[in-house]
Amino acid sequence: VQLQAFGGGLVQAGGYLRLSCAASGLTFSRYVMGWFRQAPGKERERVAAISGSGGTTVYAGSVKGRFTISRDNAKNTVYLQMNSLKPEDTAVYYCAAARAIAATTDAYDYWGQGTQVTVSS
């Protein structure tokens, strides 16, 4: 199984980025996909997750209304649209796959390599 995340970069506060995560080696539609982030000195936290069908999404309170998770099962890809970015959104962002929606990292079976998002003030 491989998860490959990309789309990170440097953006000014108030700007936007779109992360993508391409999956291979698994039956993509059967997995919940999550986006996590980890800032220096902080624990990894779940940002958003989406059910296999795409019908259910969950968000961290800190990003609700600004970030949108979506998926295209035909392309085995999950996306994270990030708008109105803030400096506190700066972190390495990871995609991950799980059998059920969960907030904890140990519930996720597979992880991507991470992509850096830096938001300047």
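Residues numbered from 1 in each chain as written. Predicted model: local features only at pLDDT ≥ 70, side-chain atom pairs only at ≥ 80, totals over all residues. Heavy atoms only, no water.

J.: I'd like a rundown of the pattern of salt bridges, residues and numbers included.
T.: Within this structure, the stated rule accounts for 3 salt bridges. Put simply, Glu-45 and Arg-37 hold a salt bridge, and the shortest N to O gap is 2.7 Å. Look at Glu-45 and you get partly exposed, because its relative accessible area is 33%. A salt bridge links Asp-89 to Arg-66; the shortest N-O distance between them is 2.8 Å. Placement of the pair is Asp-89 in the loop between β8 (77–82) and β9 (91–98) and Arg-66 in the loop between β6 (57–59) and β7 (67–72), with a sequence separation of 23 residues. Accessibility classification places Asp-89 together with Arg-66 in one group, the buried group. Look at the salt bridges and you will find they share partners, linking Arg-37, Glu-45, Arg-66 and Asp-89 into a network. (Salt bridge = Lys/Arg side-chain N within 4 Å of Asp/Glu carboxyl O. Buried < 20%, exposed > 50% of the residue type's maximum accessible area, 1.4 Å probe, protein only. Helix = DSSP H or I, 4+ residues; strand = E, 2+ residues; numbered from the N terminus.)

J.: Give a detailed account of the packing of aromatic side chains, specifying residues and quantitative values.
T.: Here the structure, examined in full by the defined rule, presents 5 aromatic pairs. Aromatic side chains Phe-36 and Tyr-108 sit 4.8 Å apart centroid to centroid with 85° between the ring planes, which places their arrangement in the edge-to-face category. Residue Phe-36 is located in strand β4 (residues 32–38), and its partner Tyr-108 is located in strand β10 (residues 108–111); the two are separated by 72 residues in the primary sequence. Looking at Phe-36, the relative accessible area reads 0%, which means it is buried. (Phe/Tyr/Trp six-rings, centres within 6.5 Å; stacked < 30°, edge-to-face > 60°.)

J.: An account of the nonpolar core is needed here, citing residue identities and associated values.
T.: Formed by 30 residues in total, the largest nonpolar core has its most connected members in Met-33, Trp-35, Leu-80, Met-82 and Tyr-93. Counting residues per element, the ones that place at least two in this core are β1 (2–6), β3 (17–24), β4, β5 (45–50), β7, β8, β9 and β11 (115–120). Grouped together as the second largest cluster of nonpolar side chains are 7 residues, Val-32, Phe-36, Ala-49 and Ala-102 included. (Core = buried A, V, L, I, M, F, W, Y, C linked by side-chain atoms within 4.5 Å.)

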